[in-house]
Amino acid sequence: MSQPRDEASAQVDPSLLRELEDAERAARPLEAVVFLRRGEAAGAPTPDQTERAVAKLLRSAERDTGERAAAVSVFRNLHSFALAASPSFIRSVLRDERVASARSNRGASAPDR
Amino acid sequence: MSRILDQELTAHGVAQVIVFLSPALRCSLPRRLRAASGAQRAPRPLAPLARHFVRHPHGQAAQLARAACAPAEPPAVRYYPQLGILLGEATRAGIARLRASAGVERVAGAPSLSLIRPRRRAPARLATTFTWGLRALQADRLWRDGWTGRGVLIGHLDTGVDGSHLALRGAIESFAELDDLGRVVAPTPAPYDTEDHGTHTAATLVGRPVGGRHVGVAPDARLASAIVIEGGDVVARVLGGMDWAVGRGVRVLSLSLGFRGWWEDFRALTALLRERGVLPVFAVGNEGPGTSRSPGNYAEALSVGAHDRERRVAHFSSSQRFARARDAIVPDLVAPGVEVVSAKPGGGYQAMDGSSMATPHVAGLAALLMQARPQRSVDEIEAALFASCRLPDGVSPERAHRGVPNAARALAALS
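What counts and how
- Residues numbered from 1 in each chain as written.
- Chains lettered and ligands numbered in written order.
- Predicted model: local features only at pLDDT ≥ 70, side-chain atom pairs only at ≥ 80, totals over all residues.
- pLDDT = per-residue confidence, 0-100.
- Helix = DSSP H or I, 4+ residues; strand = E, 2+ residues; numbered from the N terminus.
- Contact = placed C-beta atoms within 7 Å.
- Nonpolar A, V, L, I, M, F, W, Y, C, P; charged D, E, K, R; others polar.
- Pairing = 2+ DSSP bridges.
- Axes fitted to C-alpha atoms, helices over the stretch in contact; angles between N-to-C directions.
- Parallel < 35°, antiparallel > 145°, perpendicular 65-115°, else oblique.
- Left-handed = near helix turned anticlockwise from the far one by under 90°.
- Expected span 1.5 Å × (residues − 1).
- Buried ≥ 20, exposed ≤ 12 C-beta atoms within 10 Å, placed from the backbone.

Caption draft 1: Molecular detail of the confidence of the model for chain A. Confidence in the prediction of chain A, expressed as mean pLDDT, is 87, and 86% of residues score 70 or more. Ranking the helices and strands of chain A by mean pLDDT puts helix α3 (residues 87-95) of chain A first, with 97, and strand β1 (residues 11-12) of chain A last, with 88.

Below you can see the structure in the form of structure tokens.
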């Protein structure tokens, strides 16, 4: 069973860390995109496995913080998800060992054509 | 060390860094060296620091110099007297030595800045039976045998698509608009384009003939098309679009967008797309030699640069060498991407330039092969496309890598 860690070992985009600090100061929610680690099992994770992994991770963060995410979008085929939540909730998510990396959903890293 | 700097070093073996000299060192320099202006070679008193910089063959400066056929290599490091900094490329070990050196206050990654280049657009008439891009690929040689992309669904994530354009009628299997958190907006609107980029790339992929004139490489394939980019672009929209397209059952994903530089996050997703049987065909970027965009710069992606009618690599087409064993050079190949005539929202046609225009040529070609050889894997289709490439005379593999693909040769490679 996955346990929250004391410190995030996930690769976290510096702009997300800055946004977290700003959001904490302003006491406002923010958005993040989270990429999950793949398990030991061979083959690509199925959409159902991704759904279950995200649900477990969110429940864990809910227990940790006593809060809920304002909005979640699960990318079932991509083993990842996006969420809007409080800074403390997102920090709890980032501490979870199931998380491989995370980045800000907005800002300087926007794609262009 | 910042994550971005760490990723640059992992990807290229070198990174551009700024070394901030300590006030004590700056004051110790002769006045003439402090008062000068503009970038210059590092002066003798800074030689102990300058020797930690490298002129690395994978570095951006060297790649730019090679692309420009410069007679001499640029200096490994430049000194900016008014700023009190050194700017140059260094390896991981070099950065560690710089950080440990006396007289160095700080070492930081130097972000790559580039102009936001307007994409060239020009009004155009469709005056020929086939666009020059279709002729360059010899796509019609596969059409004659019945390989027109029928039954193949292509993912198209862009600014949207004008589904009422004559060249796109019946070509859109499904359409979606993603919100800022990557959720599909309901109810689904009729296919529309927030700009004109998506209609252009869509018609290059699957445009139907109008009046006997063709713009689409796979004129019987269909699109799962989603709006993922316009003003206020966000990461989750692109991911939501990818996820939606995979769920629709696409076999090729044509992505004419990217994030400048190296983004590690999308690499695992790109590998996952392949595992799900989707060929990721991504634009490499429009910022010239020594640059690239993610996810087009991953070894896991089929990355596409642009060439012109004379098979010369377009000056704007990105290219870059990475410090990795597999597929070290991007793009993987180049395709028609200059003066490409395709559909314009509201009707008619226009010409555009960009690796965005080259990408759907290759994705469409992949769709033809998938119809012709439906049992072949993503890796086999990609390998056939690579095997079909020829490097035009006088074109450097550093810019075009494998060169220009050919429809007939690619199909033969699958036989």
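Read on, since the account is not over.
Caption draft 2: Region of interest: the interface of chain B and chain A. The interface of chain B with chain A comprises 31 residues on the first partner and 26 residues on the second. Elements that contribute at least two residues to the side of chain B that touches chain A include exactly α1 (3-12), α10 (235-248) and α11 (265-275) of chain B. The greatest single-element share of the side of chain B that touches chain A, amounting to 9 residues, is contributed by α10 of chain B. Looking at the side of chain B that touches chain A residue by residue, the class counts come to 15 nonpolar, 8 polar and 8 charged.

Caption draft 3: Layout of the pairing of strand β3 (residues 71-75) of chain A. Residues and elements named next belong to chain A. With 5 bridges connecting them, β3 and strand β4 (residues 80-85) associate as antiparallel partners. Bridging from a neighbouring strand, Ser-73 pairs with Ala-82 of β4. Between β3 and β4, which pair antiparallel in sequence order, lie 4 residues; one of them, His-79, sits at a positive phi of approximately 55°.

Caption draft 4: Spatial organisation of the sheet that holds strand β7 (residues 153-158) of chain B. All names here are of chain B. With parallel pairing, the 7 strands of this open sheet are ordered in space as β8-β9-β7-β10-β12-β14-β17. Edge positions in the open sheet fall to β8 (172-177) and β17 (333-336), since each of these has one partner strand only. On average, each strand axis in the sheet is inclined to that of its neighbour by 25°, with strand direction left out of account. Here 3 bridges tie strand β12 (residues 279-283) to strand β14 (residues 302-307), and the two strands are oriented parallel to one another. Residue pairing in the sheet places Val-281 in a bridge with Leu-302 of β14. Strand contacts of helix α9 (residues 197-206): β7, β9 (222-227) and β10 (252-255), with the helix running at about 165° to β7, the strand carrying the most contacts.

Caption draft 5: Summary view of the packing of α9 of chain B against helix α12 (residues 355-372) of chain B. All names here are of chain B. α12 packs onto α9 with a crossing angle of 30° between their chain directions and a minimal axis gap of 8 Å. As judged from the angle between their axes, α9 and α12 are roughly parallel. Seen along the crossing, α9 lies across α12 with a hand that is right-handed. Counting all contacts with α9, which are made through His-197, His-200, Thr-201, Thr-204, Leu-205 and Val-206, the residues of α12 involved are Ser-356, Met-357, Pro-360, His-361, Ala-363 and Gly-364. Across the contact of α9 with α12, the residue classes tally to 5 nonpolar, 7 polar and no charged.

Caption draft 6: Fine view of α12 of chain B. The first and last C-alpha atoms of α12 of chain B sit 26 Å apart over 18 residues, in line with the 26 Å expected at 1.5 Å per residue. The buried count for α12 of chain B comes to 18 of 18 residues, which makes it a mostly enclosed element.

Caption draft 7: Seen up close, the environment of Thr-291 of chain B. Within the secondary structure, Thr-291 of chain B is located in the loop between β12 and β13 (293-294). Considering only alpha carbons, one finds Thr-291 of chain B and Ser-317 of chain B, 26 residues apart in sequence, at a separation of 8.9 Å.

Caption draft 8: Inspection of the environment of Arg-125 of chain B at higher detail. Residue and element names in this part refer to chain B. Position of Arg-125 relative to the elements: it lies in the loop between β6 (121-124) and α7 (132-137). Residue classification places Arg-125 among the exposed positions, given that 11 C-beta atoms sit within 10 Å. Each C-alpha atom of the pair Arg-125 and Tyr-349 lies 6.1 Å from the other, and the pair is 224 residues apart in sequence.

Caption draft 9: Just the confidence of the model for chain B, in detail. Residue and element names in this part refer to chain B. Residue-level pLDDT values for chain B average 89, and 90% of them are 70 or greater. Per-residue pLDDT stays below 50 along residues 113-118; that stretch engages in 5 contacts with residues further than four places along the chain or on separate chains. Among the scores for the predicted complex, ipTM is 0.85 and pTM is 0.81.

Caption draft 10: A look at unusual backbone geometry. With an omega dihedral of -5°, the bond running from Ala-186 of chain B to Pro-187 of chain B counts as a cis peptide bond. Secondary-structure assignment places Pro-187 of chain B in the loop between β8 and α9. Here the amide bond leading from Ser-294 of chain B into Pro-295 of chain B is cis, since omega sits at 10°, within 30 degrees of zero. Relative to the assigned elements, Pro-295 of chain B resides in the loop between β13 and β14. Look at His-79 of chain A: it is not a glycine, yet its phi comes out positive at around 55°. Residue placement: His-79 of chain A occurs in the loop between β3 and β4. C-beta crowding within 10 Å serves as the criterion here: with 25 such atoms nearby, His-79 of chain A is assigned to the buried category. In this structure, Glu-339 of chain B takes a positive phi of about 50° despite not being glycine. The residue Glu-339 of chain B is located in the loop between β17 and β18 (340-343) in this model.

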